[in-house]
Amino acid sequence: MNKTINNILNKKSNQRPIVKLDEKIANQIAAGEVIERPAAIVKELVENSVDAGATSVEILVSQGGKSIIQVKDNGWGIPKEELPIAVCRHATSKLIDNEISNVNTYGFRGEALPSIGASGRLNIKSKISKSEDAWEIFVEYDNIGKLIPTSLNLGTSIEVRDLFYKTPARLKFLKSDKIEQQAILDIFKRLSLINPNISFSLREISSSGSNKSIANYKGISFKNENSNNISVNDVNKYSLRVSQVLGNDIFQNLLPIVLSNEDLLIEGFISLPTFSRSTLAHQYFFVNGRPVWDKNLTSAIRVGYSDFIMKGRYPVIVIFINCLPETVDANVHPAKTEVRFQNLNYIKNSIISIIKSTIANFNTKTSSAVSEGMMQAFKKNISHNDIVKNKKIGFSGSFPHPINKRSVGNINNDSEFLLNEVSSRNYQDELSSRSENNEYNYKQHHEIGLPLGAPVAHIHENYIISQTSNGMIIIDQHAAHERIIYEKLKKFLKNKSIASQALLIPEIVELGEERSSILLEFNNEFENLGIILEPFGKKSICLRSLPEILGQVNGSFFLNDLADELLEYNNISVAEEKLEKVLSRIACHGSVRSGRKLTVTEMSVLLRTMEETPYSNQCNHGRPTFIELKLKDIEKLFNRN
Ligand code: ADP
Ligand code: MG
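Residues numbered from 1 in each chain as written. Chains lettered and ligands numbered in written order. Predicted model: local features only at pLDDT ≥ 70, side-chain atom pairs only at ≥ 80, totals over all residues. Heavy atoms only, no water.

Caption draft 1: Quick peek at the overall build of the protein. A count of helical and extended segments in the protein gives 23 helices and 27 strands. Among the 641 residues that make up the protein, the fraction classed as buried is 45%. Pairs at least 24 apart in sequence give 68% of the contacts found in the protein among residues at least 6 apart. Accessible area for the protein stands at about 35100 Å²; split by element, carbon and sulfur atoms hold 52% of it. (Helix = DSSP H or I, 4+ residues; strand = E, 2+ residues; numbered from the N terminus. Buried < 20%, exposed > 50% of the residue type's maximum accessible area, 1.4 Å probe, protein only. Contact = heavy atoms within 4.5 Å. Areas by Shrake-Rupley, 256 points an atom, 1.4 Å probe, with all protein chains shown as cover.)

Given below as structure tokens:
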């Protein structure tokens, strides 16, 4: 680096008198805080529209909002004489008696319009109901133009062109048009979710000038007052909007939540653990009507789901939190996207507990995506067209794909094979279980009515097929057992009632220094779980005792796994969460590995235990433990509908 760069390190400043910042500079600084990207402008403008009582908000963007952002509403408008004031800094109509805590509007800082004016070419058109005429004003950088008569129906239309044209350095920090557009869509969705009574539309003008709709949500009126809107009763306040915004496919996999205390109302939707996403993009939080991004809230979700979801997967969440205004500060961040709760732990714990109890109540439901996936798999494999197509290839005498050939050539052989397989079934097995069978038939009849039905077969040494009153279920025995052990361990731990079994010969396991010491750090917790560890030199551990419930365990595998788990979750501050991870890992060791034939009675016991075990519809890693196929779906597969 040859050029001397002017920075704090080579400062040569002298003491000088304090002066007030020039308005232009102040606006620019504020703009940097409020307007970091086009989506921030969309947020500010839409919030202004909502504050102005609009029932319809139309947004138009071009090039990810870099060249044009236009927000048009049917709110009460801005009077002509107030237009030049609206674009001045700290000018607001929303503070009543100078009380920030009384604010019930999105805005109150009077910073958005001047900041936007300092960032791009701003034009505001507005018409109020009392006036016949509409007026417009232009702001370019630091220059506020004159009022000009214009034409507009009631409301306000604000346009921002050529964002950051005066500050190319800031323009450079923007991402591609596509990514900026995505950010706009995201804030658009969030503001739509929290304002279900308002109609929202988002359109894009492409570089060729064509104009296409990106999203369009019709407003929902709750008391039938607006005949133009879709009307629903209050119970479904958010349901319809959530299904509009997230799409019906996702909505099908959401569970409603409500928790209502004297000082706290939490409502919204959370996804079934078997329905997850690879990013946090589908988690929406609102606090007292504001969309917020809060690490504490996402971490509460993570803890709530930690028992049910695989690492790196995130549930879909839409949560509306309402608390007493004096217990939350929305003025932490210039764009008000962060909040500070007076009693954060109370809110976090409430979220965690509502998640856990909601999931527990839906114990015998798995994601529709799971059974849909199964339907698709069936359809793919046995599609009539495939068979016909393959046949044709076969007949034409060309070289068919080897795999297809097998499946085509063997259509007849397959059924033969099936018959052979059935008739040559192991009679020894049959006979020995016959006495069990009579009793079983009666039992089976009774079991069919239960949620997980009556077991009828055990296949591939791991899957139980059971019949229910209106369909069939395939159960992954290993996954199910893992969850059962896990829940038992948790219960034992809570009741301090774990049965521990001393090893006949204590096992010395060499783990290395780091791994040994992290295990020993958790010695108290392990002791409560019936795992007795002692240091053996610096690098090894002596395993003396294990929880009885685990049965036979390979000590070295077991301790190495636990050390892995603890090292990986070393940065989790929530002790409870860490312990759950460890329990979950222990459960993996205890569960019956697939590979043993179960008797009907054993299968039955497993299903009935599942029905009683909380969260038994997914294993500890969020994989489903069973898949349900309804009779009507089976009929569909056979074209019987
Ligand atoms: P704030 O929203 O914090 O008051 P803004 O700079 O966003 O600050 O807006 C300044 C003022 O302009 C608002 O207080 C409001 O009176 C007026 N205003 C802005 N947008 C609209 C709109 N779409 N409809 C009616 N009034 C508006
Ligand atoms: Mg505002």
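Caption draft 2: The arrangement of the sheet that holds strand β26 (residues 540-547) in detail. The sheet built from three strands is open, its strands ordered β24-β26-β25 with antiparallel pairing. Looking at strand neighbours, the two that pair on one side only are β24 (500-510) and β25 (532-536), the edges of this open sheet. Mean inter-strand twist for the sheet, computed between neighbouring axes without regard to direction, equals 15°. Looking at chain direction, β25 and β26 are connected through five bridges and run antiparallel. Note that in β26 the partner of I532 across the bridge is S545. Each of β24, β25 and β26 touches helix α20 (residues 555-568); the most contacted strand, β24, lies at about 75° to it. (Pairing = 2+ DSSP bridges. Axes fitted to C-alpha atoms, helices over the stretch in contact; angles between N-to-C directions.)

Caption draft 3: The arrangement of the packing of aromatic side chains in detail. By the definition in use, this model includes six aromatic pairs. Ring pairing ties together the aromatic residues F188, F200 and Y217, which thus form one cluster. Against the face of W135 rests K80, its NZ or CZ located 4.1 Å from the ring centre. Against the face of Y165 rests R121, its NZ or CZ located 4.0 Å from the ring centre. (Phe/Tyr/Trp six-rings, centres within 6.5 Å; stacked < 30°, edge-to-face > 60°. Lys NZ or Arg CZ within 6 Å of the ring centre and 35° of its normal.)

Caption draft 4: Seen up close, the sheet that holds strand β21 (residues 454-459). Strand order across the open sheet formed by four strands is β21-β22-β23-β27, with antiparallel pairing between neighbours. With one partner strand each, in any of the chains shown, β21 and β27 (626-630) form the two edges of the open sheet. Here the strands of the sheet are splayed against their neighbours by 20° on average, with no regard to which way each runs. Bridge analysis of β21 against strand β22 (residues 463-468) gives five bridges, and the strand direction is antiparallel. Counterpart to I459 in the pairing with β22 is Y463. Its contacts with the sheet put helix α17 (residues 477-495) on β21, β22 and β23 (471-476), and the angle it makes with β23 is roughly 70°. Across the sheet, helix α22 (residues 600-612) touches β21, β22, β23 and β27, and the angle it forms with β21 is around 120°.

Caption draft 5: Spotlight on unusual backbone geometry. Not every positive phi belongs to a glycine, and H90 is a case in point at roughly 60°. For D162, which is not glycine, the phi dihedral falls at a positive 50°. Its location among the elements puts D162 in the loop between β7 (155-161) and α5 (168-172).

Caption draft 6: Just the packing of helix α6 (residues 177-194) against helix α7 (residues 239-246), in detail. With their axes 9 Å apart at the nearest point, α6 and α7 run at an angle of 165° to one another. Between α6 and α7, the crossing angle belongs to the class labelled roughly antiparallel. Once α6 is placed against α7, the crossing between them reads as right-handed. Taking contact as the criterion, the partners of K189, S192 and L193 in α6 are, on α7, R241, V242 and V245. Its residues placed into classes, the contact of α6 with α7 shows three nonpolar, one polar and two charged. (Parallel < 35°, antiparallel > 145°, perpendicular 65-115°, else oblique. Left-handed = near helix turned anticlockwise from the far one by under 90°. Nonpolar A, V, L, I, M, F, W, Y, C, P; charged D, E, K, R; others polar.)

Caption draft 7: How the structure looks around helix α2 (residues 38-51). Taking 1.5 Å per residue as the helical rise, α2 with its 14 residues ought to reach 20 Å, and the 20 Å between its terminal C-alpha atoms agrees with that figure. Among the 14 residues in α2, 13 count as buried, and that is most of the element. Count one or two residues on from α2 and you reach G53, which has phi positive near 75°. (Expected span 1.5 Å × (residues − 1).)

Caption draft 8: A look at the site of ligand 1. Taken together, 20 residues lie near ligand 1, and N48, T92, S93, K94 and G110 sit nearest. Within the backbone of G110, a nitrogen or oxygen atom sits 2.8 Å from an oxygen atom of ligand 1. Note that an oxygen atom of ligand 1 is positioned 2.9 Å from one of the backbone N or O atoms of L113. Considering ligand 1 on its own, with 530 Å² of exposed area, one finds that the protein chains cover 93% of that surface. At the level of secondary structure, the elements contributing two or more residues to the shell around ligand 1 comprise α2 and α4 (112-117). Tallying contributions element by element places α4 first for the shell around ligand 1, with three residues. For the shell around ligand 1, the class distribution of residues is eight nonpolar, eight polar and four charged. (Near = heavy atom within 4 Å. Polar contact = N/O pair within 3.5 Å; in protein donor to acceptor, adjacent residues only side chain to side chain.)

Caption draft 9: A look at the pairing of strand β1 (residues 56-62). Burial analysis of β1 places five of its seven residues in the buried class, which makes it a mostly covered element. With seven bridges connecting them, β1 and strand β8 (residues 199-205) associate as parallel partners. Each residue of the ladder has a partner; that of S56, found in β8, is S199. Linking two consecutive strands that pair antiparallel, namely β1 and strand β2 (residues 68-73), is a turn of five residues; a positive phi of about 50° is found at Q63 within it.

Caption draft 10: Region of interest: a nonpolar patch on the surface. On the surface, L21, I25 and I29 cluster together to form a nonpolar patch covering roughly 280 Å² of accessible area. Relative to the assigned elements, I25 resides in helix α1 (residues 23-34). A relative accessible area of 38% places I25 in the partly exposed class. (Patch = residues over 30% accessible without salt bridge, like charges linked within 9 Å, V, L, I, M, F, W, Y side chains within 5 Å. Salt bridge = Lys/Arg side-chain N within 4 Å of Asp/Glu carboxyl O.)

Caption draft 11: The side chain of E136, seen in detail. Structurally, the position occupied by E136 is in strand β4 (residues 134-140). With no salt bridge to any partner, buried E136 finds its closest opposite charge in K125, at an N-O distance of 4.0 Å. Residue contacts for E136: discarding those within four places in its chain leaves L83, N123, I124, K125, K146, L147, I148 and T150. (Lys, Arg positive; Asp, Glu negative; His and termini not counted.)

Caption draft 12: Region of the structure containing α6. An ideal rise of 1.5 Å per residue puts 26 Å on 18 residues; α6 measures up with 26 Å between its terminal C-alpha atoms. Burial of α6 is extensive: 13 of the 18 residues sit out of reach of the surface.

Caption draft 13: Geometry of the confidence of the model for the protein. Counting all residues, the mean pLDDT for the protein is 81, and 81% of those residues have values of 70 or more. Low pLDDT (under 50) marks residues 381-435, which in the prediction has 12 contacts with non-local residues, meaning those over four places away or in another chain. (pLDDT = per-residue confidence, 0-100.)

Caption draft 14: Main features of the pattern of salt bridges. Tallying each qualifying case throughout the model produces 20 salt bridges. For E111, the salt bridge is made with R109, and the minimal N-O distance between the two is 3.0 Å. We classify R109 as partly exposed; its relative accessible area is 22%. Of the charged contacts in the structure, one is a salt bridge between K490 and E487, with a shortest N-O distance of 3.4 Å. Here K490 pairs with E487, and both are found in helix α17, just three residues apart, close to one helical turn. Like E487, K490 is buried. Here the salt bridges do not stand alone but share partners, grouping K43, E44 and E47 into one network.

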